[in-house]
Structures are given as C-alpha cells and as structure tokens.
Amino acid sequence: MKNELVKYITSHMPLSEELKKVVIESSNIRMYKKGTIILNENSISNESFFVLKGCLRSYLIEDGEEKTLEFYTEGQPITPKNYGKKIPTDHYLECIEDCTVNIGSSEFEAEMFLKHPQFESVCRIIGEVIMAQQQESFTNYRMASPEDRYLYLVNNRPNLLQRVPQYQIASYLGLTPQSLSRIRKRLSEK
C-alpha cells in the first residue's frame, strides 16, 4: 500500500530514491470501516488524507438534508476545507466502503519541506493539478444540464455508479433521486 503513494507522487514528478524511501518510511496508514465518520462538522481538521483503498464522501447538512460535495476513491488526495487553519470545518467526511488511507498533517509537511525541498515542489505541482481538475469539474457542473452532469459522471467516473448509493449520486449531481431515475430511464430508452 505504501508504494501506491509513491506511485501517485511520481506520476506528477520524478522522486529521488532517497525521497521515495522517506515517503514510504513516513507513511501513516489507517484503516476505517464502512460508515465511519472521519471528519465531523465543527471539528478542527488537522489531517489530510490520501485514499489507498475505498471510497469516501464529503457532505454538508443543509436544512436537515445531506448535500454531497465530492466522492474520493483510490489515488485521490483529500485536503479538507480549513485544513491546518484551526478553524472548524462545515462538512463531514464519511467512509462509503471500508477504507485504507494515508494520513498527513501540516506539521509533517512543514518538516518535510525543510528537510527535502523537492517535496515542496512535488506538493505544489500536485496542488496545481488538483486545482485545475476542480476548476474543470466546477465549470462542467455549472454549465451542464442535469442530464449532461450525469453523462459526465458516467463517462469520467463510472466506478462510482456501482460503489455509491443512487440517492448520494443524485445529491452530488444536485438532483432528487426521482429526477435521477427519470434521467437514467430516458437515457436507457435512447
């Protein structure tokens, strides 16, 4: 599992053998059972996560209703809102499946940046990639019809449809479960 983290990092930038060894040795891997809430609303987020195995969901509760913000699966980093800022978060992070994640902290990152300057470059590059992906996702969401949002999900993250309950997919797409069912039915009839 520790090699998955190295594999992810090196997909963005080559690492020296020394830094690969440091990443592996400093990994902090934890396992969580399905249904575990890793982060609660109003808690302070001092940890970042990298999904090695499983699926997690970030969501808010608004007017008593869960609003899914994002799903995270293998090979995806999670940096919660207000990470390292000592400000309470406004969302939850829940394990949709049994999960194995690597845990990071801002203190650990600062230490790594000092000892290994290449690590700071790697983190910056990965951060830029994540920001570009989020911008594309946000733009697609805002500009697309509900049917187009569903098709985008089908084409870009098809594994979620087998791993995540339909009502959570509907919430993620900004739809009611009934609207999602109608879209799916209409598309299957084409």
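What this report covers is the structure whose coordinates are included nearby.

### Quick word on the overall build of the protein
(1) Moving on: Within the protein, the regular secondary structure consists of eight helices and eight strands.
(2) Moving on: In terms of C-alpha radius of gyration, the protein reaches 18 Å, essentially the compact-globule figure of 16 Å for 190 residues.
(3) Moving on: Principal axes of the C-alpha set define a box for the protein whose edges measure 55 × 35 × 30 Å.
(4) Moving on: Scored against the burial criterion, the 190 residues of the protein give a buried share of 38%.
(5) Moving on: Taking the intrachain contacts of the protein between residues at least 6 apart in sequence as the baseline, contacts between residues at least 24 apart amount to 71%.

### Some thoughts on the sheet that holds strand S1 (residues 29-32)
Across a sheet, paired strands are connected by hydrogen bonds in the backbone, their directions being either parallel or antiparallel.
(1) Moving on: An order of S1-S8-S3-S6 is seen for the four strands of this open sheet, with the pairing classed as antiparallel. Each edge of the open sheet is held by one strand with a lone partner, namely S1 and strand S6 (77-78).
(2) Moving on: Judged from the four bridges that link them, S1 and strand S8 (residues 99-105) form a sheet pairing that is antiparallel. Residue pairing across strands places Arg30 opposite Val101, the latter belonging to S8.

### What to know about unusual backbone geometry
(1) Moving on: One non-glycine residue, Asp63, lies in the positive phi region at around 55 degrees.
(2) Moving on: The exposure class of Asp63 is exposed, given its relative accessible area of 79%.
(3) Moving on: Look at Lys86: it is not a glycine, yet its phi comes out positive at around 60 degrees.
(4) Moving on: Looking at the element boundaries, Lys86 is found in the loop between S6 and strand S7 (92-95).

### Things to note about the environment of Tyr92
(1) Moving on: Structurally, the position occupied by Tyr92 is in strand S7.
(2) Moving on: When the C-alpha atoms of Tyr92 and Thr10 are compared, they prove to be 30 Å apart, with 82 residues separating the residues in sequence.
(3) Moving on: Not counting chain neighbours up to four residues away, the residues in contact with Tyr92 comprise Ile37, Leu39, Asn40, Glu41, Arg57, Ser58, Tyr59 and Ile61.
(4) Moving on: Side chain to side chain, Tyr92 and Glu41 meet in a polar contact 3.3 Å long.

Reading the values: the criteria
- Residues numbered from 1 in each chain as written.
- Predicted model: local features only at pLDDT ≥ 70, side-chain atom pairs only at ≥ 80, totals over all residues.
- Heavy atoms only, no water.
- Helix = DSSP H or I, 4+ residues; strand = E, 2+ residues; numbered from the N terminus.
- Rg over C-alpha atoms; globule rule 2.2 N^0.38 Å.
- Buried < 20%, exposed > 50% of the residue type's maximum accessible area, 1.4 Å probe, protein only.
- Contact = heavy atoms within 4.5 Å.
- Pairing = 2+ DSSP bridges.
- Polar contact = N/O pair within 3.5 Å; in protein donor to acceptor, adjacent residues only side chain to side chain.

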